[in-house]
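# Coordinate inspection notes
Below, each chain spelled out in residue letters.
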Amino acid sequence: MLFILAILYLVLTQVLGRQEGVHEDMIMMAFGFAIVLFVTYVVSEMVQKKIRTINEYLIDCSNVEQLPENRHFVTKEFDEINKNLIKVLKKAKKREDDKQKYNTKLKLKSRQRSEMLSAIAHEFRNPISAIIGYSQTLHEDQDISRPLQEKFLTKIYRNGQKIEELLSRLILWNKFESGEAKLRQSSFDILSLAKDTRQSFEDKYRDRSIRIEGESSTITADRALIEVVLRNLIENALKYSKEEVRVRIEGNKVSVIDRGIGIRQKEIGKVTKKFYRSGTHSWDNSMGLGLSIVKTILSLHDAKLEIRSVEDEGSTFSFYLY
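Here the structure is a predicted model, which is why all the values come from computation and not from measurement. (Residues numbered from 1 in each chain as written. Predicted model: local features only at pLDDT ≥ 70, side-chain atom pairs only at ≥ 80, totals over all residues. Heavy atoms only, no water.)

The subject of this paragraph is the pattern of salt bridges. Applying the stated criterion across every chain, the model contains eight salt bridges. As a salt-bridge pair, Glu213 and Arg211 come within 2.7 Å of each other at their nearest N and O atoms. Overall, Glu213 belongs to the buried group, its relative accessible area being 16%. Two residues, Glu244 and Arg211, come together in a salt bridge whose shortest N-O distance is 3.0 Å. Taken together, the residues span a long stretch of sequence, with Glu244 in the loop between helix H6 (223-239) and strand E4 (245-250) and Arg211 in strand E2 (residues 210-214) at a distance of 33 residues. We classify Glu244 as partly exposed; its relative accessible area is 32%. Beyond isolated ion pairs, a larger network of salt bridges with shared partners links Arg211, Glu213, Glu244, Arg246 and Arg248. (Salt bridge = Lys/Arg side-chain N within 4 Å of Asp/Glu carboxyl O. Buried < 20%, exposed > 50% of the residue type's maximum accessible area, 1.4 Å probe, protein only. Helix = DSSP H or I, 4+ residues; strand = E, 2+ residues; numbered from the N terminus.)

Shown next, in the form of structure tokens:
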């Protein structure tokens, strides 16, 4: 810069010095004016450069995390503007990220709600349609035989029971979701509970066999909730197999074994998720809540559900209680 000013001084001296009547003071004034213009131009370029730098921040806010906070500016004012602008951009970016996360959660909840309503409608439609159909037949056909009347009434009764079971599952799951479910632990014989649970299926599955294996074993847990676990696992085994279902008690380990359709390996990790419904062999686990409820109850007891299954050969559902 000094070199440029020296050249400028020499040029002015030569040009103006050749003219008659030009005083040396005028040469200095012209030189000073030229310096002012030159400095103004240089400062203007520097200011424009810094403004362009700041403008780049505003053009591409997506890379705000990579902005150079420690970049050096000529003046303190520009340093402060740089730092404050970066802070504003980061806050704006964070608000945008939070908004995106919130919108994603809303979409997920909306999809889950839609899936839940679809699953509930699907599960309730069949028993309700059956009850309406059998009731309408009984109402319209006065000459229907007594044995057929009893058969239809039995169908109505069983479908009514199914609706009651579905409602009970929804109520229970709602308690888990809201955190209202609390353990009421007591000591009891798990073998005796398994036998009581088997007896509750005798009317519904008269042509099926449930074999209890093992010896008495006293555990400490919530008896009512463990009964829900056994009922869900045993009924799943009865639904998806035609052969005998076995419940094996080995100390504190309980296993429900079937020789049914099995589960694909890629779906074993998914069947315990709420509202999950698989297309495998028309797999139907009652709104996708049955195994999810089992998993949640066992988690409350610091236990977990273990699943071993081979497609078309059968499944084993096991858990440990202490």
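Having put the structure on the table, let's press on.
Once that is clear, we can look at the confidence of the model for the protein. Scored by pLDDT, the protein has a mean of 77; 71% of the residues are at 70 or more. Confidence drops under pLDDT 50 across residues 280-285; counting only partners more than four residues distant or on other chains, this segment forms 21 contacts. (pLDDT = per-residue confidence, 0-100. Contact = heavy atoms within 4.5 Å.)

Quick look at the side chain of His301 now. Topologically, His301 is positioned in the loop between helix H8 (290-300) and strand E6 (306-310). With sequence-adjacent residues up to four places away left out, His301 is seen in contact with Leu183, Ala221, Asp222, Leu225, Ile226 and Leu321.

Buried within helix H5 (residues 190-200) are the following residues: Ile190, Leu191, Leu193, Ala194 and Thr197. Viewed along the axis of H5, the buried residues span an arc of 160°, placing them on a single side of the element. (Arc of directions from axis to C-beta.)

The next thing to look at is the packing of H5 against H6. In a pair of packed helices, the angle between the axes and the distance between the axes together describe the arrangement. Packing of H5 against H6 leaves a shortest axis separation of 10 Å and a crossing angle of 55°. As judged from the angle between their axes, H5 and H6 are oblique. As H5 runs across H6, the sense of the crossing is right-handed. Between H5 and H6, the residues in contact are Ile190, Leu193, Ala194, Asp196, Thr197 and Ser200 and Arg223, Ile226, Glu227, Leu230, Arg231 and Ile234, respectively. Within the contact of H5 with H6, the residues separate by chemical class into six nonpolar, two polar and four charged. (Axes fitted to C-alpha atoms, helices over the stretch in contact; angles between N-to-C directions. Parallel < 35°, antiparallel > 145°, perpendicular 65-115°, else oblique. Left-handed = near helix turned anticlockwise from the far one by under 90°. Nonpolar A, V, L, I, M, F, W, Y, C, P; charged D, E, K, R; others polar.)

With that settled, the discussion passes to the packing of aromatic side chains. Taken as a whole and assessed by the stated rule, the structure comprises two aromatic pairs. Relative to Phe152, the ring of Tyr134 lies with its centre 5.0 Å away and its plane at 40°, an arrangement referred to as tilted. Residue Tyr134 is located in helix H3 (residues 76-140), and its partner Phe152 is located in helix H4 (residues 146-178); the two are separated by 18 residues in the primary sequence. Residue classification places Tyr134 among the partly exposed residues on the basis of a relative accessible area of 24%. Assessed through its relative accessible area of 13%, Phe152 is described here as buried. When the ring centre of Phe188 is taken as origin, the NZ or CZ atom of Arg223, which lies over that ring, is 5.9 Å away. (Phe/Tyr/Trp six-rings, centres within 6.5 Å; stacked < 30°, edge-to-face > 60°. Lys NZ or Arg CZ within 6 Å of the ring centre and 35° of its normal.)

The subject of this paragraph is a positive patch on the surface. A grouping of Lys83, Lys87, Lys91 and Arg95 is seen on the molecular surface, where their side chains present a positively charged patch. Of note, Lys87 is situated in helix H3. Lys87 sits in the exposed class, given a relative accessible area of 54%. (Patch = residues over 30% accessible without salt bridge, like charges linked within 9 Å, V, L, I, M, F, W, Y side chains within 5 Å. Areas by Shrake-Rupley, 256 points an atom, 1.4 Å probe, with all protein chains shown as cover. Lys, Arg positive; Asp, Glu negative; His and termini not counted. Charge placed at Lys NZ, Arg CZ, Asp CG, Glu CD.)

Turning our attention to the nonpolar core. Within the largest apolar cluster, 42 residues are counted, with the highest numbers of intra-cluster contacts made by Ile190, Leu230, Leu233, Ile234, Val247 and Phe319. With eight residues, H6 is the largest single contributor of residues to this core. Excluding residues within four positions of it along the chain, Leu233 makes contact with Val256, Leu291, Val294, Leu305, Phe317 and Phe319. (Core = buried A, V, L, I, M, F, W, Y, C linked by side-chain atoms within 4.5 Å.)

Here we come to the sheet that holds E6. Taken in spatial order, the five strands line up as E2-E4-E5-E7-E6 in an open sheet, and their pairing is mixed. Each having just a single partner strand, E2 and E6 make up the two edges of the open sheet. Put simply, the sheet's adjacent strands are angled 15° from each other on average, direction ignored. The pairing of strand E5 (residues 253-258) with strand E7 (residues 314-320) spans six bridges and is classified as antiparallel. Counterpart to Val254 in the pairing with E7 is Phe319. (Pairing = 2+ DSSP bridges.)

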